[in-house]
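For reference, the chains in residue letters:
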Amino acid sequence: LGMTSVLAGDRVKFQGLAYTGKAATELEAVGIEAQTIHSFLSKTNKPPEISNNMHIWLVDEASMVGTKLMDALLTKADAAGAKVVLIGDTKQLQAVDAGNMFKQLQDRGIMKTVRMDEVVRQRNPEYLDIVKDVSSKRIDSAFERLSASDKIIQIPDRGERIKAVISEYTTETSNQRILVT
């Protein structure tokens, strides 16, 4: 994607924004200049530079942004003539501050929403169908798949369960595990 690109003869400048520094770092890892929303808004409020650039602000994890912060961000975008693209999942993370603007904008039809159904993080084909089951709320099917492939281990005795967990997490060859008690 890159920080700046050319679209129909105009220069498009992307600014990555996120509620957390970790999410901003992930945007930077794919070539988008990024910072936290708080840091961005705290910078000087001088008028925007006059240019032929189109500014697009990509807000990652937008579901975490509360009402006041979203208002401040959208107000600044309006003053700068920037377009704002909100990226997030209303079911994954909730607003940290009061209000849940990302969800409300979608629920009220104020914001056009595009749903991305392609799973890109899960590369292991054995788990891909399980991830799809969970995302489609077919939890029983996901557990059946996990059970059929011997991925669910039950240890009824509490003491033995704790010993097994400690052993599993302290070995160098340990795989990622989910612990449900």
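Residues numbered from 1 in each chain as written. Predicted model: local features only at pLDDT ≥ 70, side-chain atom pairs only at ≥ 80, totals over all residues. Heavy atoms only, no water.

(A) Structural view of the nonpolar core. Among the nonpolar cores identified, the biggest contains 18 residues, and L17, I37, W57, V59, L73 and L86 are the most heavily contacted of them. Those elements giving two or more residues to this core turn out to be helix 2 (37–42), strand 4 (53–60) and helix 3 (67–80). No other element matches the four residues that helix 3 contributes to this core. (Core = buried A, V, L, I, M, F, W, Y, C linked by side-chain atoms within 4.5 Å. Buried < 20%, exposed > 50% of the residue type's maximum accessible area, 1.4 Å probe, protein only. Helix = DSSP H or I, 4+ residues; strand = E, 2+ residues; numbered from the N terminus.)

(B) Molecular detail of the environment of S63. Considering the arrangement of structural elements, one finds S63 in the loop between strand 4 and helix 3. Sequence separation of S63 and Y19 is 44 residues, and the distance between their C-alpha atoms is 9.2 Å.

(C) Spotlight on unusual backbone geometry. One non-glycine residue, E61, lies in the positive phi region at around 55°. Of note, E61 is situated in the loop between strand 4 and helix 3.

(D) Structural view of the pattern of salt bridges. For the structure on display, the rule yields five salt bridges. For K163, the salt bridge is made with E160, and the minimal N-O distance between the two is 3.9 Å. Taken together, the residues span about one helical turn, with K163 and E160 both in helix 7 (residues 158–170) at a distance of three residues. Three or more residues joined by partner-sharing salt bridges are found here, namely D133, R138 and R145. (Salt bridge = Lys/Arg side-chain N within 4 Å of Asp/Glu carboxyl O.)

(E) Structural view of a nonpolar patch on the surface. Together, V134, I139, F143 and I152 give the surface a local cluster of nonpolar side chains, amounting to about 330 Å² of exposed area. Turning to its location among the elements, V134 is positioned in helix 5 (residues 125–135). Since its relative accessible area comes to 44%, V134 is described here as partly exposed. (Patch = residues over 30% accessible without salt bridge, like charges linked within 9 Å, V, L, I, M, F, W, Y side chains within 5 Å. Areas by Shrake-Rupley, 256 points an atom, 1.4 Å probe, with all protein chains shown as cover.)

(F) Structural context of the confidence of the model for the chain. Mean pLDDT over the chain: 76, with 68% of residues reaching 70 or higher. Under a pLDDT of 50 for its full length, residues 1–9 has, in the predicted model, 21 contacts with residues more than four places off or in other chains. (pLDDT = per-residue confidence, 0-100. Contact = heavy atoms within 4.5 Å.)

(G) Seen up close, the packing of aromatic side chains. A complete count under the given rule lists one aromatic pair for this structure. Judged by centre distance (4.8 Å) and plane angle (80°), the ring pair of F40 and W57 falls under edge-to-face. On the criterion of sequence distance, the pair formed by F40 in helix 2 and W57 in strand 4 is long-range, its members being 17 residues apart. Like W57, F40 is buried. The ring of F40 carries the charged tip of K76 above its face, separated from the ring centre by 5.0 Å. (Phe/Tyr/Trp six-rings, centres within 6.5 Å; stacked < 30°, edge-to-face > 60°. Lys NZ or Arg CZ within 6 Å of the ring centre and 35° of its normal.)

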